[in-house]
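Now for the letters of each chain:
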Amino acid sequence: TVGAATPTTARQAAADPREKEVRELIDRYFKSWSNQDLVRYGQCFMPQAAIQLIDPNRGLITMPLAPFLQSQQQAHQASPNQMTETPETVKIRFDAELAHALVYWKLVDGERLEYGYDHFTLMKSDGNWRIANIVFYAVKPPKDANPK
């Protein structure tokens, strides 16, 4: 088994060190939202971030950060359940100045399950990765979806 671990270790060593920082931001994004910590959640974004939602009718809704954060607070308050959203898969790539993350997520709201994608464009600000833009939308749940 020692030999089996070597390729993974070599791959991790060769991985872009920025990937760990981006994954930490994505984890903070989902955990702070699920914990209803909208201050910490808001800190994941650039102040000038654009938040975009593709609605079920294929319309594109664009919001600045403050109204978006308010809408998230209202969604939590309106739900009789503790809503949690978790990243199921995360794919990250980099170019010269930006990071791009594609996250497939699951939202649990009591018995209601929702799945979707977040397309993040991230940039560094004061040494930390923050969200410059996000486009998100829901998709049909997988056939084996179970709220438990």
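Residues numbered from 1 in each chain as written. Predicted model: local features only at pLDDT ≥ 70, side-chain atom pairs only at ≥ 80, totals over all residues. Heavy atoms only, no water.

1. A closer look at the confidence of the model for the chain
Inference 1: Across the chain, the average pLDDT comes to 90, with 88% of residues at 70 or higher.
Inference 2: Within the model, pLDDT remains below 50 along residues 1-13, and this stretch shows 0 contacts once partners closer than five positions in the same chain are excluded. (pLDDT = per-residue confidence, 0-100. Contact = heavy atoms within 4.5 Å.)

2. Here's the deal with the sheet that holds strand 2 (residues 60-64)
Inference 1: Pairing within the open sheet is mixed, and its 6 strands lie in the order 2-1-6-5-4-3. The two strands at the open ends of the sheet, each matched to only one other strand, are strand 2 and strand 3 (84-94). Going from strand to strand, the sheet's axes swing by 20° on average, the running direction of each strand aside.
Inference 2: Judged from the 11 bridges that link them, strand 5 (residues 112-125) and strand 6 (residues 128-139) form a sheet pairing that is antiparallel. Residue pairing across strands places K124 opposite W129, the latter belonging to strand 6.
Inference 3: Against the sheet, helix 2 (residues 18-34) touches strand 1 (45-54), strand 3, strand 4 (98-109), strand 5 and strand 6, its axis set at about 160° to strand 3. (Pairing = 2+ DSSP bridges. Helix = DSSP H or I, 4+ residues; strand = E, 2+ residues; numbered from the N terminus. Axes fitted to C-alpha atoms, helices over the stretch in contact; angles between N-to-C directions.)

3. A closer look at the packing of aromatic side chains
Inference 1: What the rule picks out here adds up to 12 aromatic pairs.
Inference 2: A centroid spacing of 6.2 Å and a plane angle of 35° characterise the contact between Y41 and F68, whose relative ring orientation is tilted. With Y41 in helix 3 (residues 38-42) and F68 in helix 4 (residues 65-78), this residue pair connects regions lying 27 residues apart in the sequence.
Inference 3: The class of F68 is buried, set by a relative accessible area of 1%.
Inference 4: One aromatic cluster in this structure is built from Y29, F30, Y41, F45, F68, F120 and F136. (Phe/Tyr/Trp six-rings, centres within 6.5 Å; stacked < 30°, edge-to-face > 60°. Buried < 20%, exposed > 50% of the residue type's maximum accessible area, 1.4 Å probe, protein only.)

4. Overview of the environment of V22
Inference 1: One can find V22 in helix 2.
Inference 2: Judged by its relative accessible area of 0%, V22 falls in the buried class.
Inference 3: In sequence terms V22 and I131 are 109 residues apart; their C-alpha atoms lie 10.0 Å from each other.
Inference 4: Not counting residues up to four positions away in its chain, the partners in contact with V22 are I92, F94, A99, L122 and W129.

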